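Each chain, letter by letter, is given below.
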Amino acid sequence: MILTVTLNAAIDKRYVVDGFCIGEVNRVKECTYTPGGKGLNVSKPAAIAGAQVVATGFIGGHAGKYIEDSLKPFGIKSAFCHLKEESRSCINIWDEKNKIQTEFLEPGFTVSMEDFWRFTGQFEELARQAEVVAMSGSVPKGLNGTAYQRLIKIGKDLGKKVILDTSGTLLELGIEARPTMIKPNLDEIRMLTGKSCDSLDEMIRAAGEIHRRGVEIVAVSLGKDGSFVVCDTGVYRATVPKIHAINTVGCGDSMIAGFALGLSQGLPVEEILRKASAISAAAALREETGYYRLEDMERLLPEIEICRIGGCNELSIGE
C-alpha cells in the first residue's frame with residue numbers, strides 16, 4: 001500500500017479562457033473540478049497504475065466531502081482527519097489565446113496543534129500498513145516548519161520508505177529527519193546547499209551533498225531535458241522524448257507517484273527513474289491535472305533513456 005499525505009487538500013478548478021484580461025469580465029469556455037493538493041496529485045497517478053492507495057491529511061466541510069467522493073472513481077481509499085471549516089480551492093486559468101497559465105491558491109483553514117496531534121496518531125496507524133509514505137505540498141495555517149519532520153520520523157521509526165516533496169522551511173527541516181527521497185527544484189537545491197548550481201555538473205554535486213546528509217535518493221527534474229538522480233549506486237540521468245505538452249501542472253507530482261510505485265515494488269533505481277519519467281511525460285499529454293492514460297505511459301516507457309553518468313563518490317557528469 002502507498003500512503004499519501006496531503007495536509008492542505010483542495011478542490012482544483014481549471015478554467016479555460018480565450019484571452020485573460022485583468023480588471024474585466026472573463027467568460028470561461030471550459031471548467032473542470034478535481035480533488036487536488038500535491039499529495040492527491042500523487043495519489044491519482046499511483047492508483048491509475050494499479051497501486052493500492054490510501055490518502056490522508058486534513059479536509060473539511062462540504063468541499064472536503066466532494067474531495068472524498070471524487071477520489072472514489074480512482075479506487076483511492078480516504079482516511080482523512082475531518083475539520084468543520086471548508087477545504088480550500090485552487091484555481092488554474094489557462095489562456096488559450098496567449099498560451100499563458102495563471103494560478104490562484106487559497107490558503108485554506110487553520111489547523112490547531114490539538115488537531116495535528118490527533119492526526120499524528122491516525123497517521124501512525126496508517127503508516128504501519130504502508131510500504132511507502134509520500135508526503136507533499138504546503139501545510140495549513142497553524143502548523144510550523146517541523147510538521148513534516150515529525151511525520152517523517154514516525155514513518156522512518158516504523159521502517160517505511162518516506163518521500164518528501166515540499167519547499168522552504170518545511171523542506172529544510174524535513175531533510176533533518178532523513179526521508180528516503182526528496183525531489184528539489186533548482187531554487188530548492190540552492191537554498192539547501194548555498195551553491196549557485198549554474199551548470200548540470202554543479203547541480204549534481206549539490207544533490208550529492210544533500211545525499212551525503214542522509215537522504216537516500218535525491219531526484220532533480222530538468223523539465224523538458226529530463227531529470228537525474230543521485231543515490232548510493234551512482235548518478236543516473238533520464239532523457240525523455242519530445243512530446244506536445246498540454247498541461248504540465250502536476251507533472252512533478254506524477255513523477256513522485258512513479259517513484260512511490262517503484263519503491264513499493266522494490267525495483268532498481270534505473271527502472272524507478274524510467275517509470276517515474278514515463279508517468280510524468282504521459283501526464284503532460286492530458287488536460288486534467290494528476291491524470292494520464294496507461295497506454296500513453298506504456299508507449300513512452302521504452303523511449304525513456306537512462307544512463308549512469310557517474311559514481312556517487314565521483315559526482316561528475318564526465319566528458
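Let me begin by describing the structure that accompanies this report. Computed from a predicted structure; not experimentally measured. (Residues numbered from 1 in each chain as written. Predicted model: local features only at pLDDT ≥ 70, side-chain atom pairs only at ≥ 80, totals over all residues. Heavy atoms only, no water.)

**Description of the overall build of the protein**
Scanning the protein from N- to C-terminus turns up 10 helices and 15 strands. Compactness check: the protein gives a C-alpha radius of gyration of 19 Å against a globular reference of 20 Å for 319 residues, within 12% of the reference. Each principal axis of the C-alpha distribution contributes one length, and for the protein these read about 55 × 50 × 35 Å. The 319 residues of the protein split such that 55% are buried. Pairs at least 24 apart in sequence give 65% of the contacts found in the protein among residues at least 6 apart. (Helix = DSSP H or I, 4+ residues; strand = E, 2+ residues; numbered from the N terminus. Rg over C-alpha atoms; globule rule 2.2 N^0.38 Å. Buried < 20%, exposed > 50% of the residue type's maximum accessible area, 1.4 Å probe, protein only. Contact = heavy atoms within 4.5 Å.)

**Section: helix α6 (residues 186–193)**
Residues of α6 that are buried include every one of E188, I189, L192 and T193, and no others. Seen from one end, α6 has its buried residues packed into an arc of 115 degrees, which puts them on one side. In the core, the buried residues of α6 are packed alongside α5 (168–174), β11 (181–182), α7 (200–212) and β12 (217–221). Where α6 begins, the side chain of N185 points an oxygen toward the backbone nitrogen of D187, at a separation of 3.2 Å. G194 sits one or two positions beyond α6 and adopts a positive phi of about 75 degrees. (Arc of directions from axis to C-beta. Polar contact = N/O pair within 3.5 Å; in protein donor to acceptor, adjacent residues only side chain to side chain.)

**What about the side chain of D165?**
Along the polypeptide, D165 turns up in strand β10 (residues 161–165). If near-sequence neighbours (up to four positions away) are discounted, D165 is found in contact with K38, M135, S136, G137, K183, D253 and I256.

**Points about the packing of aromatic side chains**
All chains considered together, the criterion is met by 4 aromatic pairs. Joined through ring pairs, the aromatic side chains of F58, F116, W117, F119 and F123 make up one cluster. (Phe/Tyr/Trp six-rings, centres within 6.5 Å; stacked < 30°, edge-to-face > 60°.)

**A word on the pattern of salt bridges**
Counted under the stated rule, the structure contains 18 salt bridges. Among the ionic pairs, D69 bridges to K72, the shortest N-O distance being 3.4 Å. In this structure, the salt-bridge partner of R190 is D187, at a minimum N-O distance of 3.7 Å. Of the two residues, R190 and D187 are both situated in helix α6; the distance of 3 residues between them amounts to about one turn of the helix. Take R190: its relative accessible area is 29%, and that puts it in the partly exposed class. A single network of salt bridges, built from pairs that share partners, joins K38, D165 and D253. (Salt bridge = Lys/Arg side-chain N within 4 Å of Asp/Glu carboxyl O.)

**So, the pairing of strand β1 (residues 2–6)**
When you tally the buried positions in β1, you get 5 out of 5 residues, the bulk of the element. Burial of β1 is two-sided: the residues I2, T4 and T6 facing one way and the residues L3 and V5 facing the other way are all buried. Bridge count for β1 against strand β4 (residues 53–60) is 5 bridges, and the pairing is parallel. Residue pairing in the sheet places L3 in a bridge with V54 of β4. (Pairing = 2+ DSSP bridges.)

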